[in-house]
Each structure stands twice: as structure tokens, then as C-alpha cells.
Amino acid sequence: MSGMDDLEKAILISFDESATVDSVLKSQAVAYIQQIKETPSVCRICVEKLYFCKLAEVQFWCLQCLHEALLVKYPSMTPDEKSFIRKSIFSIACYEAVDVNGNSSVKVLDGPAFIKNKLAQVVVILIYLEYPLIWQSVFTDFLPNLSKGAVVIDMFCRVLNALDDELISFDYPRSGDEVAVAGRIKDAMRAQCVPQIVKASYDIILMYKNSDPELCTSVLDSMRRYISWIDIGLIVNNAYIQLLFELMLVDVSPDQLRGAAAIVVLAVVTKRMDPKSKLTLLQSLQITRVFGLVMGDSDSELVSSMASLVTGYASEVLECYKHLNSEDDKGVSLELLNEVLPSVFFVMKNCEVDAAFSIVHFLSGYVSTMKGFSPLTETQLLHVGRILEVIHGQIQFDPLYRSNLDVLDKIGREEEDRMVEFRKDLFVLLRNVGRVAPDVTHIFVRNSLASAVASSEERNVEEVEVALSLSYALGESLSDDAARIGSGLLGELVPMLLLTRFPCHSNRLVALVYLETITRYMKFVLDNTQYIPMALGAFLDERGIHHSNVNVRRRASYLFTRVVKLLKAKLVPYIEIILQSLQDKVAEFTRMDTASNEEDGSHIFEAIGLLIGMEDVPLEKQSDYLSSLLSPLCQQVELALSNAKAQNPEESAAQIADIQQIIMSINALSKGFSERLATASRPAIGLMFKQTLDFLLQILAVFPKIEPLRCKVTSFIHRMVDTLGASVFPYLPKALEQLLAEMLESGTFWREYTPVIVNRVFNILPRGDIQSGPGGNTEEIRELQELQRTFYTFLHVIATHDLSLVFLLPKSRDYFEPMMQLLLYTSCKHKDILVRKVCVQIFIKLIKDWCTGPYGEEKVPGFQRFIVEAFATNCCLYSVLDKSFEFRDTNTLVLFGEIVLAQKVMHEKFGNVFLLHFVSQGFPNVHCPQDLAEQYCQILQGNDIKVLKSFYQSLIEKLRLQENGSLVIR
């Protein structure tokens, strides 16, 4: 390709996005125009094309090319090149014609808007590079050209707008260099040409307002952008500001022009300045003249602009009130605020509010101005009513989403989440209004409720939901005392809530907010017990636990539990009625269809447990209630276990789900029974739970590997530790046996419950032997002995399953030393040889876990010394020398084997530290001959444990023959 026409063709081909152009040809065209871009004379080529080519694509490419060249190559250009580009671009922007060889040039300004915008960008890059140092007259040269008419005026507006967009406006992120250049340009313009530009804009509007309103709109848009940094007196004067108000108020002007004038006034209103000057400015505007304009068609551009002006003005007045301290200034601010507020409320209720204006922020600010007034003025009370109306309107759901919200599909869930978030600040505002004007707020909420009930079917759901949500939010702002006493209007509102039957109660949203609201006011019912039957009805009938929607039923069950916790003993007279109402629900959860049931029933069982677990309920009734619940639940577990054994894995999964559900229900039920009741005052109740625990433990034997089931049983054991206290221990070995094989990977259970269990046991068990009473072993003594055996088993389980670190937790600190002393005493003295063996095994494991070596860092400070000085001599030497240590007894021999192993482990861990103490201090105390002591050391250091055991037994027997007498264990 060669020649200028070829460039035009290449540009057209490169811009062609249709599939008709051959890809090879397109690649060639792109390569060719790239080649032209790289030629030194590219700027001259572009300027010539702009003068003589009418094709918009070619004009755009040339302007883009010039823009890039100025950005990248400007420093390397010659002064002539720069001058050529400057003059050419300026003449094009000013609509000047160039005549070359009798051919008149094309006028780019006659082209489409995107070309003119591109041209404006090129002018701005020149301003960026050259103003004011090189091209000082750019603006003053432009101004005389405006007389050429609309085309040049429009172009000048585009340059001003582009300058704002590309450099000045802080709506876009700027680099430090850009900020510095923008500052330089603004300073120069303020000093040189801003007054002339403003004057020109005024003259243009005056001249063209009737003949070319569109042009005037563009001029006003450009002026709006510059108000934030020019002298405000250039606009706020009798001429210009009056012209702007005239434009807004003359209803024959197009809406677009009137709206543009409003946005310029808004820019004036929001210009940053000190509060005192701002107040004077706002007062001078006499803006009340335009308030009526917001009453028009809410969708029109004019109303939208007027709404922005009104809300912007109101915000500025409020800021003045906040920041000015003199009574006079505050008085003026409040006066202006009172003038504008009715229009602001109208805008909030009827118009699309400007994104920059926050309704909540503004109203919260206004409400805070009232805090200093007591009582509120009539005007303020009127405004409070309007604020409440705005809140009411803002938080209302759109009926369009009614069915989505009811079934809670994806759209409904999104709308609900959006509304929950959106309402947060509005509810904070409502609570603030409630504090400054409680009576007005209470009356408004009560009236909302009354009118919602009477509202038409089309709006009924949304109206009722809003009224209830307002009631709920109001309840949140009340103190406990106010809620309880329910003075005045609250005394009307709560009964009204409880007595009203809403026609749309079947709707999910309405039912949920109704239940939340009456729960919120339940403290009132606590002090006004005559309303208990009504409150119970709301939870127990089709409005709550028997609602058609599963989400409502679930929430009602949970809230009912909260209500029971609050009202407690006040509900005793109603227990029969409550149980009767819940009979079908309880039956549902005790039948074998729980897996298919969408509710888990735990909350209902917890509520029942709380009710029947009170000491106010007679024992006989309590036993009957509990038995009537536990028996069918346990029967279902039995049935499920037998079915599951006989079924394939898929079928048994449903049975397992049923069993899990039942355990959760029993667990929840037991929460209502205190340890004092289950163990001290009514042990018969405790016995029922013990039997249930014993029964449920068989689940672990049938399903040892089902993790969720195991968790549920473990959780129930936790629960029983809380409910039955120490009396649960006889059941633990069975539980531990089943649980340990599968559960020891997780130490959470042990970390949490070991300190609890050990502390409880220490409060019950004596530190030494359990002595028999005068009449032999009573039931109590036998229980204590059983508890003691269980306790040692429990400690053994922890130690031998790598969980000994639970003894070192901060929670275990208080009992650590007493536990070591108890283990030492038991390993030396306990009558039951098997218990002694368990204690020695615990010590062996602790030595292995906690001792790194004779000179290693101690994991448990003082433990090594305790073992070497107390355990080694007392248990491994003195206790076996005692005549009661009978070698002919099989169990004793097993214990002896553990004692010998303990010595081996101590030697491995402590080396000479152990030997020195044991042989040098222990053996001389029992008169051990030197040769036997040396032989012991030699054999201990060997590897044959059998030889060591045999030697040590003969050593002890020889020492006994020496008749050392009975040794006191220290």
C-alpha cells in the first residue's frame, strides 16, 4: 500500500468489525497504519487529514494518534512541531476554515459528538503540557471565538468538561503529579480568565435561553463543575443567581434546562466554606421559592433535580446548625430547617432520592437537634410524625416480592437479606425518635397496627409486616423496667398485639415478625400475668408451633423455649394445657418418622423439660410427666436398633437418623432438671435419667463407628455429668469402653470435661481409704467404693490413651498436686490390689509422657523429683517389703511386675539420678547389704526384665528375713 488514500482505506479496514473483511487484509491494514504512526511526520499527516478528510473513522484515528504523540513524544518534539500542532488544533476547535490550493477544509466541529469529545481531549493534553507557561492565552483566545455561535460554544463546553474529567475533578483517583498540575492550572485560571468565562456563560444563557435551551444546559453543566473552586461571588450576585432562579421558575422552559439550573444552585449550596459564611449564603438564596417544584411528576428530570437541590440545601442547613454555637445562628438555622423540612419529607416519600443524600444520616442528624429541647415544639412534634411516616414507607416490602418471600426462593432470600441490611440504620433512627418523642412514637406504632389490620388485601401483608416490625423495633428501645411496667401507651400496645388476629397470619414474614415481637414484650406479660393465656395461645396454635410453614414452626419452638425460661414458675398452672397443646408434636417426634420431619423437636423438648423440671411441680406429677416422655422415646430407640441390625446400610441410615433425633430430644428434655433436684431433693428423677443413660449406651455397642451418633451419645454423657453429678460415674466405664476405641483421636471431650469430673470427685471422695461404718458396708459406702474404682479407671484411660496433657491444663492446676498424692497413696496402700496396679500403670505412663531424660527440660517442674524421692522409695521399695504384699497371690504378682517395670522406666528416663537416690538412700534405710545393692544395679542396667523381676523378688524376700520390721511410708 502507498499514498494518502491508502492510509484512509487502511484506517477504514482496521475499524471494520464486520466479518466481511478478510483477516489477512485486516492484518496488513493494521500493520500499515502502525508503520505510519512511527514515521517522524505523523503529526503533520494527521493534521492534514483532519483538514481534508470527512470520514469520521479517519478523523478519530488522527485525533487519537495526536493524543498519543503528545503524551509520549512531546519532550522530543521541536518548538516548530509543537507550535504547528497547537495552532492547527486550536483553529480546528475554533471552527476556522483553511484554504489550500483552492480547496476549503473540512470542519471537524460539524462531525459527530464522539469526534468533538476526542478533539477536546487533545486540547486538554495541550493545556496540561503548556498552560500557563507556554500557551498562556488558550482561554482568552477561545473566548472571542464564542461569538461564532453555538458550534464553538458547545466545543468550549466540551473542553471545560474534559479538563474537569481528565485533570481537576476529585471524583477520579489522581497521581501526585496530576494534582500538582491541576493546582497550577486552577491558580492560573483564577488569576487570568475565570471571571471572563463566568461572564461569557451568563451572556450566552441570557442570549440563548429561549432559542437554544440545549446549548444553555451544556453551559450550565460546565459551570456546575467549576463552582467548587472559583470565587463564589461570581455566581452569587443579583444578576447570575437571579437568572438561575428565573430559569428554574419559568415553566415554559424545558425541564432539562430548569433541572440544570437547579444543579448549579446545588453546587453553590454545597460549596465548602466556614459555617457562618455558609449560613449567610443559604439565607440569601431565598430558596423557598422553588420548594413547590418538587411536587410535580416524580419521574421527571426536573423533579429529580429539584429533589437533589432541596435535600442538599437541607443537609447544609443542618450542618450549619451543628457547627455554629451562637443562639442567633442556631435560631436562623432552625428557622431555615423548619422551612425546608416539609419539602424534604415529600421528596423522601415520593421521589427517587439523590445517591449522595442519605435519608437516615440526615434524619438522624435532625433528631439529634431535638435532644436539647424539652418539651418539643409543636413544629418539631409535627416533624417527628413525618419522620415516622418516612421510616414506615422506607422499610416496607414491595408486594411484587410477596410470594417469593413467602416460599423463600432465591429471589425472596435475596430481597429479605437486602431488606434486613437496609432496615438496620432505619431501626436505629426509630429508636432515637422513640427516645426524644416517646408518646408520638408509641401512638404512631399503635395506629400503624390498627390501620394495617383494616388495610386492603392487596397491601395487607406488607402493611401488617411493617406495623409489627415497628412494634418490635420500638420494644428494643425500651428499658427492662419500661417493658415490664408497660405504662401508658405500652399498656395498650401489648394487649392489642396479643388480641389481634391478622388475616394474613399464614404469611411467613408476618408470622415470624409477630412471634419475635410478642417475645420482645414478654417482660410485660411477666408482670401482667392475666395475659399469659393469650401469649401461650400465640405460640401454641396455628400462629406458632402449629403454623403451616416449617420455618415459622422452627422459630416458634425456639422462641417458646425463651418464653418458658423467662416466665418459669408463672407457667406452673398452665403445664397441663401446654402439654396437651404439644401432644401431637411430641407424638410426631416420638414416632419413627423423625428423619422425614423437617423440625428437630429439640426446642419443644427443652421447653417441656424446663416446665416439668421445676421443683414447684409435685414429685408424683413430675415422675408421670417424665416417664410418659422418656418411655416412648426409649422404646423407639429399641425398635430402631433392632430394625437397623436387620437392614442394609441404606435402610439403616434412616434408623440412625431417628436415633440421633431421639437422643437430641432426651438431651434437650434433661436441661430443665437441676443437679440438686435430680440427686438431692428428688433422686427418683435422677434414677430415671440414669436408667435412660444406661439404656442409650448400648447404641455405642451396636454402632461403634457412626461418628454423628457417637457425638450425640457423648453430648448426652456431658449433659448427664451436669444433671447427675458424681452419681453418673458408675455408668462411665461402660461409656468409656465403647467410646475410647473410636473417640480418642479427638481430645476435645477430655480437655473440656476432665477438670470438671476430677474436681467433682475430689469434693466427694476421701483422700485415703473409704472406711466401713459400724454396721458393715452400707449402700452409701459401696457407692463411694464403686465411684473410687471408676475414678481410677477414668484416670487410667486418660493416661494410657495419650491424653495426659489434660492434667496440665490451667483448669486442672488446682487439683494436680492432690491428685498426685492420692495416686501415690493408692499405689502403696489401697486394699484392692487391682486398683494399686492401675495407679502404678498411670505413673509409668506419666513418666514416659512428661520426662525427657535426666538433664532435659522438665515438662512438669518438680515431677521428676516427686517420682524419684516419693514414688520410687515408697511404692517400689517400702510397700513391697510390707508383709501384706503377698507374692503367692496372682494379682499381687501382676502388680509386682508393674512395680519392677516402673523401676526400669525410671532408670531409662532418669539414669544415675534415680539409681543414686534409690540405692544410696533407699536401700541403706532397709539395711540392704552392699553386694546385693551392687548386683541390683548391674541387673537393672541389663536388658532382661524377667531376670530383674526374679532378682528383685528374691532381694525383697531376703530383706524381709532380716526382720526389718514394718516400715512407715513417707
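Residues numbered from 1 in each chain as written. Predicted model: local features only at pLDDT ≥ 70, side-chain atom pairs only at ≥ 80, totals over all residues. Heavy atoms only, no water.

Engineer: Quick question: what am I supposed to make of the overall build of the protein here?
Structural biologist: Summing up its helical and strand segments, the protein has 46 helices and 2 strands in all. Compactness check: the protein gives a C-alpha radius of gyration of 46 Å against a globular reference of 30 Å for 970 residues, more than 25% above the reference. If one aligns the C-alpha atoms of the protein with their principal axes, the spans along those axes are about 140 × 80 × 65 Å. With 970 residues in all, the protein has 53% of them scored as buried. Pairs at least 24 apart in sequence give 72% of the contacts found in the protein among residues at least 6 apart. Only carbon and sulfur atoms are counted for the fraction: they give 52% of the accessible area of the protein, which is about 43,500 Å². For the protein, the distance from the average position of its 94 positive side-chain charges to the average position of its 118 negative side-chain charges is 5 Å. (Helix = DSSP H or I, 4+ residues; strand = E, 2+ residues; numbered from the N terminus. Rg over C-alpha atoms; globule rule 2.2 N^0.38 Å. Buried < 20%, exposed > 50% of the residue type's maximum accessible area, 1.4 Å probe, protein only. Contact = heavy atoms within 4.5 Å. Areas by Shrake-Rupley, 256 points an atom, 1.4 Å probe, with all protein chains shown as cover. Lys, Arg positive; Asp, Glu negative; His and termini not counted. Charge placed at Lys NZ, Arg CZ, Asp CG, Glu CD.)

Engineer: So what exactly am I meant to see when it comes to the confidence of the model for the protein here?
Structural biologist: Caution applies to low-pLDDT regions: their predicted coordinates should not be interpreted in detail. Mean pLDDT for the protein: 89, with 91% of residues reaching 70 or above. The least confident element of the protein is helix H37 (residues 732-743), whose mean pLDDT is 58; the most confident is helix H10 (residues 194-208), at 98. Under a pLDDT of 50 for its full length, residues 965-970 has, in the predicted model, 12 contacts with residues more than four places off or in other chains. (pLDDT = per-residue confidence, 0-100.)

Engineer: Whenever I open this one, the packing of aromatic side chains confuses me. Can you help?
Structural biologist: Working definition: an aromatic ring pair is given by the centre-to-centre distance plus the angle between the planes. All told, the structure shown has 29 aromatic pairs when counted by the stated rule. With a centroid separation of 5.9 Å and an interplanar angle of 15°, the aromatic rings of Phe 896 and Tyr 952 are classed as stacked. Note that Phe 896 is positioned in helix H43 (residues 890-910) and Tyr 952 in helix H46 (residues 945-961), a separation of 56 residues in sequence. With respect to burial, Phe 896 and Tyr 952 carry one shared label: buried. For the pair Phe 918 and Phe 923, a centre-to-centre distance of 5.3 Å together with 55° between the ring planes defines the contact as tilted. Summarising the burial analysis for this pair, Phe 918 and Phe 923 share the class buried. Against the face of Tyr 321 rests Lys 330, its NZ or CZ located 4.1 Å from the ring centre. Over the ring of Phe 422 we find Arg 418, and its NZ or CZ is 6.0 Å from the ring centre. (Phe/Tyr/Trp six-rings, centres within 6.5 Å; stacked < 30°, edge-to-face > 60°. Lys NZ or Arg CZ within 6 Å of the ring centre and 35° of its normal.)

Engineer: Explanation requested: the packing of helix H40 (residues 813-829) against helix H42 (residues 863-881) in the structure shown.
Structural biologist: Packed helices, taken two at a time, are described by the angle between their axes plus the distance between the axes. Orientation of H40 relative to H42, taken along the N-to-C sense of each, is 15°, at an axis distance of 9 Å. On the basis of their axis angle, the class for H40 and H42 is roughly parallel. Both H40 and H42 take part in a crossing whose hand is right-handed. Within the contact between the two elements, H40 uses Met 820, Gln 821, Leu 824, Ser 827 and Cys 828 and H42 uses Phe 863, Phe 866, Ala 870, Phe 871, Asn 874, Cys 875 and Ser 879. Here the residues of the contact of H40 with H42 are counted per class, giving 8 nonpolar, 4 polar and no charged. (Axes fitted to C-alpha atoms, helices over the stretch in contact; angles between N-to-C directions. Parallel < 35°, antiparallel > 145°, perpendicular 65-115°, else oblique. Left-handed = near helix turned anticlockwise from the far one by under 90°. Nonpolar A, V, L, I, M, F, W, Y, C, P; charged D, E, K, R; others polar.)

Engineer: Whenever I open this one, the pattern of salt bridges confuses me. Can you help?
Structural biologist: Side chains bearing opposite charge may pair, as long as their charged atoms lie close to each other. Summed over the entire model, instances satisfying the criterion amount to 41 salt bridges. Note that Glu 476 is salt-bridged to Arg 520, the shortest N-O span being 3.4 Å. With Glu 476 in helix H22 (residues 457-476) and Arg 520 in helix H25 (residues 508-520), this pair connects stretches of sequence that are 44 residues apart. Here Glu 476 falls in the partly exposed class, since its relative accessible area comes to 36%. Owing to a relative accessible area of 29%, Arg 520 belongs among the partly exposed residues under this scheme. When salt bridges that share partners are traced, they join Asp 164, Asp 165, Asp 221, Arg 224 and Arg 225 into one network. (Salt bridge = Lys/Arg side-chain N within 4 Å of Asp/Glu carboxyl O.)

Engineer: Hey, could you run me through the UniProt feature "domain: Exportin-1/Importin-beta-like" (unreviewed entry) in the protein in this one?
Structural biologist: With numbering aligned to this structure, UniProt lists the feature "domain: Exportin-1/Importin-beta-like" (unreviewed entry) at residues 112-262. Helix makes up 74% of residues 112-262 and strand makes up 0%, while its end C-alpha atoms are separated by 29 Å. (UniProt positions renumbered as here; feature names shortened; annotations may be inferred.)

Engineer: Looking at this structure, how should I read the environment of Leu 619?
Structural biologist: Tracing the chain through its elements places Leu 619 in helix H31 (residues 619-646). Taking relative accessible area as the criterion, Leu 619 reaches 38% and is therefore assigned partly exposed. The contact partners of Leu 619, leaving out residues within four places of it in the chain, are Arg 682 and Ile 685.

Engineer: Can you walk me through the state of the cysteines in this structure?
Structural biologist: Covalent bonding between the sulfur atoms of two cysteines defines a disulfide. In the structure shown here, the tally under the stated rule is 0 disulfides. No disulfide involves Cys 193; its sulfur sits 14 Å from that of Cys 94, the nearest cysteine. A relative accessible area of 0% means that Cys 193 is categorised as buried. With no disulfide of its own, Cys 851 lies 14 Å from the sulfur of Cys 876, the closest cysteine sulfur. Cys 851 sits in the buried class, given a relative accessible area of 6%. (Disulfide = S-S within 2.5 Å.)

Engineer: Would you mind showing me how to read the side chain of His 442 here?
Structural biologist: Here His 442 shows up in helix H21 (residues 438-454). When its relative accessible area of 13% is taken as the criterion, His 442 is described as buried. Apart from the residues within four sequence positions on either side, His 442 is in contact with Leu 474, Leu 478, Leu 489 and Leu 490.

Engineer: Please explain unusual backbone geometry as it appears in this structure.
Structural biologist: Both trends apply: most residues other than glycine have a negative phi, and most peptide bonds are in trans. A cis geometry characterises the amide bond from Tyr 131 onward to Pro 132, with omega recorded as 5°. Secondary-structure assignment places Pro 132 in the loop between helix H6 (113-130) and helix H7 (138-145). Cis peptide bonds are those with omega within 30 degrees of zero, and the linkage from Ser 374 to Pro 375 qualifies with -5°. Its place among the elements puts Pro 375 in the loop between helix H17 (359-369) and helix H18 (378-394). A positive phi angle, near 35°, is found at Lys 568, a position not held by glycine.

Engineer: How should the nonpolar core be read in this particular structure?
Structural biologist: Soluble, globular proteins show a tendency: their nonpolar side chains are buried together. Core analysis: the largest hydrophobic core is formed by 342 residues, its most contacted members being Phe 139, Met 189 and Tyr 936. Other than its neighbours up to four places away in sequence, Phe 139 contacts Ile 127, Tyr 131, Phe 156, Leu 160, Leu 163, Met 189, Cys 193 and Ile 197. (Core = buried A, V, L, I, M, F, W, Y, C linked by side-chain atoms within 4.5 Å.)

Engineer: I would appreciate a short explanation of helix H3 (residues 42-52) in the present structure.
Structural biologist: Residues that lie three or four places apart on an α-helix share one face, since the helix turns once every 3.6 residues. In terms of burial, H3 is a largely internal element, 8 of the 11 residues being buried. Taken residue by residue, H3 has Val 42, Cys 43, Ile 45, Cys 46, Val 47, Lys 49, Leu 50 and Tyr 51 as its buried positions.

Engineer: I tried to follow the environment of Glu 246 on my own but got confused; where do I start?
Structural biologist: Its location among the elements puts Glu 246 in helix H12 (residues 238-249). Residues Glu 246 and Ala 261, spaced 15 residues apart in sequence, show a C-alpha to C-alpha distance of 9.1 Å.

Engineer: Would you explain helix H27 (residues 532-540) in this entry?
Structural biologist: For H27, the complete set of buried residues consists of Ile 532, Ala 535, Leu 536, Ala 538, Phe 539 and Leu 540. Elements that come into contact with the buried residues of H27 comprise helix H24 (489-499), H25, helix H26 (522-527), helix H28 (550-567) and helix H29 (575-590).

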